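# Coordinates in review
These are the residues of each chain, in order.
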Amino acid sequence: MRYAMVIDTLKCVGCSDCVVACQTENNVPHGYCRDWITESVSGSYPNVELELKSERCNHCDNAPCVRCCPTGASHIVEGGVVLVTANECIGCGACIESCPYDARYQHPDGYVDKCTFCHHRLEKGQLPACVSVCPTKCMYFGDLDNPNSEVSQLLKNRKYKTLAPEAGTNPHVFYLI
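Right, let's walk through the structure included here. All values reported here derive from a predicted model rather than from experimental measurement.

### Notes on the pattern of salt bridges
Note on pairing: side chains with opposite charge can pair once their charged atoms come close. Enumeration according to the criterion identifies nine salt bridges in this entry. As a salt-bridge pair, arginine 2 and aspartate 145 come within 2.7 Å of each other at their nearest N and O atoms. Note that arginine 2 is positioned in the segment before strand E1 (3-8) and aspartate 145 in the loop between strand E8 (139-143) and helix H6 (150-157), a separation of 143 residues in sequence. Residue arginine 158 pairs with aspartate 8 through a salt bridge whose shortest N-O separation is 3.1 Å. Of the two residues, arginine 158 is situated in the loop between H6 and strand E9 (160-161) and aspartate 8 in strand E1; the sequence distance between them amounts to 150 residues. On the basis of relative accessible area, aspartate 8 is assigned to the buried category, the value being 5%. A single salt-bridge network, built from bridges that share partners, covers Glu51, Lys53, Glu55 and Lys161.

### Considering the pairing of strand E10 (residues 173-176)
Burial of E10 is two-sided: the residues Val173 and Tyr175 facing one way and the residues Phe174 and Leu176 facing the other way are all buried. Of the strand pairs in this sheet, E1 and E10 are connected by four bridges, and their pairing is parallel. Residue pairing for E10: valine 6 is matched across the bridge by phenylalanine 174. Looking at chain direction, E9 and E10 are connected through two bridges and run antiparallel. Note on E10: the bridge partner recorded for lysine 161 is tyrosine 175.

### Things to note about the side chain of serine 54
Among the secondary structure elements, serine 54 is positioned in strand E3 (residues 47-56). Among the polar contacts made by the side chain of serine 54, one reaches the side chain of arginine 56 at a distance of 2.8 Å. Ignoring sequence-local partners within four residues, the contact set of serine 54 consists of Ile7, Cys18, Asp35, Trp36, Ile37, Met139 and Tyr175.

Thresholds applied
Residues numbered from 1 in each chain as written. Predicted model: local features only at pLDDT ≥ 70, side-chain atom pairs only at ≥ 80, totals over all residues. Heavy atoms only, no water. Salt bridge = Lys/Arg side-chain N within 4 Å of Asp/Glu carboxyl O. Helix = DSSP H or I, 4+ residues; strand = E, 2+ residues; numbered from the N terminus. Buried < 20%, exposed > 50% of the residue type's maximum accessible area, 1.4 Å probe, protein only. Pairing = 2+ DSSP bridges. Polar contact = N/O pair within 3.5 Å; in protein donor to acceptor, adjacent residues only side chain to side chain. Contact = heavy atoms within 4.5 Å.

If you want it as structure tokens, here you go:
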């Protein structure tokens, strides 16, 4: 199994419900976030396009954050989820610097924190909090290895992109365009 998230940029309205759900579900300290909304404007008047999207850790197959972690606190678990074991993290910040998605932050308690795809929820058969609260249903989550899963079908039938493909990380967050 390889977990993946697919986000439909044509449906996202930038409401930030995913951000608040994540902060609440994971007790993220005030002023910090594991996911965020970006806004990109392209073109020129009268042909202007706006793209809104929810961003987070991309849970990469070739994760530079895991490779550079001196203690092994950053690691990949079954399903391809990249996690940080807080009590093994020394807070050196090497993983923060190596992440091409700027998806990690220094927690006030001294360790590095990031999106976990709500691993604790996945273990119970639940969706990540961000996916479960999205009012426009623009976020999808599932198994890339299952060709019949919703995420596999979306990627098969729709045009999509990943962020920073030049980084060679093989990310597991995809954006439908």
